[in-house]
Structure formats: structure tokens, C-alpha cells
Amino acid sequence: MAVNREAYVQLIGELGARQARLVAVSKTKSVQDIQALYELGQRDFGENYVQELLTKQPSLPADIRWHFIGHLQRNKVKFLAPFVHLVQSVDSGSLLAEIDRQARQAGRVIDCLLQVHIAQEETKFGLDEPQLDQLLQPATLKSLPGVRIAGLMGMASLTADASQVHAEFHRLRLLFDRYASRKDILADFRWLSMGMSGDYSIALAEGSNLVRIGSLLFGARGQ
């Protein structure tokens, strides 16, 4: 399936009305498909797999803002550190420390979102609330000059129960609001990343300002 231009234009209009930004999830999609969406004006793209991103990145325009949205292993951080725009899936203190180390070696400060476990599914990665609070202590943040905490990310349960999805996203919004008010230590805390192709409307209603959408734009995997 080629890029769905009509869906893209409609989505950009919907997100613009909500002051939200689109990350086009381009995992498994070709360089040509990404380029086609780029030519429509899209600049933020999300990838789940390090090796796939490393293959695509050199062949595409330098002003693309690459978001890493999949589970990231610490031994892969060094490959992303020179160019990644935003790591959305920081799910442990040890991963954040490694991003800090590799960012400083690359002479950069890397924006990160802390991934919070909000779903009832055990397979989802993410921090619990005590772990989140520990990472967002002033002393911890001061010890990590190579990273900039830019917000939170979460994934809701894969369920047809809209009320459950609303509740999970609402919980994350409340956490986001709690920390967003702490501008003394979190001056760059601005992104609440929640919502994918199947639940982004609920996420927007609950306050998301960054959505990760793939299949609506590119079609399902294998198409």
C-alpha cells in the first residue's frame, strides 16, 4: 500500500486543532514510503528497531526528526546517540544512564520520554509510579547532564473497552500534569505521548499532544 495522502491530510488537520504533533510510525516501511510522506510535509518519524533505523537513516533527508519508540536495549544506544531526536521508550534508570553516557560521548544532549506502564497487560514495558518519581528527583536529574526529560509516554491495553482505555490514558495525564508543574527541575517537560492508530482519538480527548500512528498512513504490516 502506498502512503494514504487523504488520511494524512485529514489527520494533520485533526491534530492541529488539538495542538498535537504526529509521529509517523514507519517501522517495516520502505525508504520510498517515508520519502513520500516527507514530501507531504511530515518530519517526525518513529522506528521500533535499531538495525532497521540505521539502514534507513542515511538514505533519507537530514532534517527528519527520528523518534525511537520501541524497547531499547542498552547495548544499542551507542548507535542511535549521534542522531536520534527523541527516545520515547525509556523504561528503566539503567537505560537512562546509558543514554546519558552515550550522549555525552557524542557531544549531545538527547531528549527522552519516560515510558510509564499504564496497561493491564503484563507484556507492556514501562516504569511504575515509584520508579518514575525516583528518576525525576533533582539529584538524579543533575547527575544525568546528557539527557533532557521532555515528558512521558504510555501505551494503553489492547482492548475494545473504551472506558478502560480512557482510564489508562487519564491516569497518565494526571501524572504528566503533576510533573509538568515542576518547572524548577523539569523546564523542558512538554510532551505527553499516547495514542496509536486504534486509540488516538481517545488519547487526544485525554490530553495527548504527541501521537504515534502508522497503519492509518502506511497500511498494515505487509501491505
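These numbers were taken from a predicted model, which means no experiment stands behind them.

Caption draft 1: Focus on the overall build of the protein chain. Counting its regular elements, the protein chain contains 10 helices and 8 strands. In terms of C-alpha radius of gyration, the protein chain reaches 17 Å, essentially the compact-globule figure of 17 Å for 223 residues. Relative to its 223 residues, the protein chain shows a buried fraction of 51%. Considering only intrachain contacts with a sequence separation of at least 6, the fraction spanning at least 24 residues in the protein chain is 60%. When the accessible surface of the protein chain is totalled, it reaches about 10,300 Å², and 50% of it is carbon and sulfur. Once the 25 positive and 24 negative side-chain charges of the protein chain are each reduced to a mean point, those two points are 6 Å apart.

Caption draft 2: View of the nonpolar core. Residues Leu 114 and Leu 152 are the most contacted members of the largest nonpolar core, which totals 64 residues. Of the residues forming this core, the biggest block, 7 residues, is contributed by helix H8 (residues 162-180). Beyond its immediate sequence surroundings of up to four residues, Leu 114 is in contact with Val 90, Leu 96, Leu 127, Leu 132, Leu 135, Leu 136, Ile 149, Gly 151, Leu 152 and Met 153. Counting 7 residues, the second-largest nonpolar core is a separate cluster that includes Leu 86, Leu 113, Ala 150 and Trp 191.

Caption draft 3: Examining the packing of aromatic side chains more closely. Across all of its chains, the model carries 3 aromatic pairs by this definition. Seen from their ring centres, Phe 176 and Phe 189 are 5.2 Å apart, and the 25° between their planes marks the pair as stacked. Of this pair, Phe 176 sits in helix H8 while Phe 189 sits in the loop between H8 and strand E7 (191-193), and the two are 13 residues apart along the sequence. Each member of the pair Phe 176 and Phe 189 is classed as buried. An aromatic cluster is present here, built from Phe 176, Tyr 179 and Phe 189 joined pairwise through their rings. In this structure, Arg 43 packs its charged tip against the face of Tyr 38, placed 3.6 Å from the ring centre.

Caption draft 4: A look at helix H2 (residues 31-39). Of all the positions in H2, only Asp 33, Ile 34, Ala 36, Leu 37 and Tyr 38 are classed as buried. Tucked inside the fold, the buried residues of H2 contact helix H1 (5-17), strand E1 (21-25), strand E2 (44-47), helix H3 (50-56), strand E3 (65-68) and helix H10 (215-218). Positive backbone phi, at 115°, marks Gly 41, one or two positions downstream of H2.

Caption draft 5: Representation of the environment of Ala 150. Its place among the elements puts Ala 150 in strand E6 (residues 147-154). Leave out the neighbours within four places in its chain, and Ala 150 touches Leu 86, Asp 111, Cys 112, Leu 113, Asp 188, Phe 189, Arg 190 and Trp 191.

Caption draft 6: Unusual backbone geometry, seen in detail. Positive phi values are uncommon outside glycine, yet Gln 19 reaches one of about 55°. With respect to the secondary-structure elements, Gln 19 resides in the loop between H1 and E1. Although it is not a glycine, Thr 28 adopts a positive phi angle of roughly 70°. Locating Thr 28 in the fold gives a position in the loop between E1 and H2. Taking the relative accessible area as the measure of exposure, Thr 28 reaches 42% and is therefore partly exposed.

Caption draft 7: Just the side chain of Gln 88, in detail. Tracing the backbone through its elements, the reader meets Gln 88 in strand E4 (residues 86-90). A polar side-chain atom of Gln 88 sits 3.1 Å from a polar atom in the side chain of His 67. Within polar-contact distance, the side chain of Gln 88 engages the side chain of Ser 193 at 2.5 Å. Sequence-distant contacts of Gln 88, defined by excluding residues within four places in its chain, comprise Val 23, His 67, Phe 68, Ile 69, Leu 113, Gln 115, Met 153, Ser 193, Leu 210 and Arg 212.

Caption draft 8: Spotlight on the pairing of E2. Both faces of E2 are covered, namely the face carrying Asp 44 and Gly 46 and the face carrying Phe 45 and Glu 47. By the bridge criterion, 2 bridges tie E1 to E2 in an arrangement that is parallel. Across the sheet, the residue bridging to Ala 24 is Phe 45, located in E2. The parallel pair E1 and E2 is bridged by H2, and the resulting crossover is right-handed. The pairing of E2 with E3 spans 4 bridges and is parallel. Residue pairing for E3: Phe 45 is matched across the bridge by Trp 66.

So, how was this worked out
Residues numbered from 1 in each chain as written. Predicted model: local features only at pLDDT ≥ 70, side-chain atom pairs only at ≥ 80, totals over all residues. Heavy atoms only, no water. Helix = DSSP H or I, 4+ residues; strand = E, 2+ residues; numbered from the N terminus. Rg over C-alpha atoms; globule rule 2.2 N^0.38 Å. Buried < 20%, exposed > 50% of the residue type's maximum accessible area, 1.4 Å probe, protein only. Contact = heavy atoms within 4.5 Å. Areas by Shrake-Rupley, 256 points an atom, 1.4 Å probe, with all protein chains shown as cover. Lys, Arg positive; Asp, Glu negative; His and termini not counted. Charge placed at Lys NZ, Arg CZ, Asp CG, Glu CD. Core = buried A, V, L, I, M, F, W, Y, C linked by side-chain atoms within 4.5 Å. Phe/Tyr/Trp six-rings, centres within 6.5 Å; stacked < 30°, edge-to-face > 60°. Lys NZ or Arg CZ within 6 Å of the ring centre and 35° of its normal. Polar contact = N/O pair within 3.5 Å; in protein donor to acceptor, adjacent residues only side chain to side chain. Pairing = 2+ DSSP bridges. Right-handed = clockwise from strand over helix to strand, strands pointing away.

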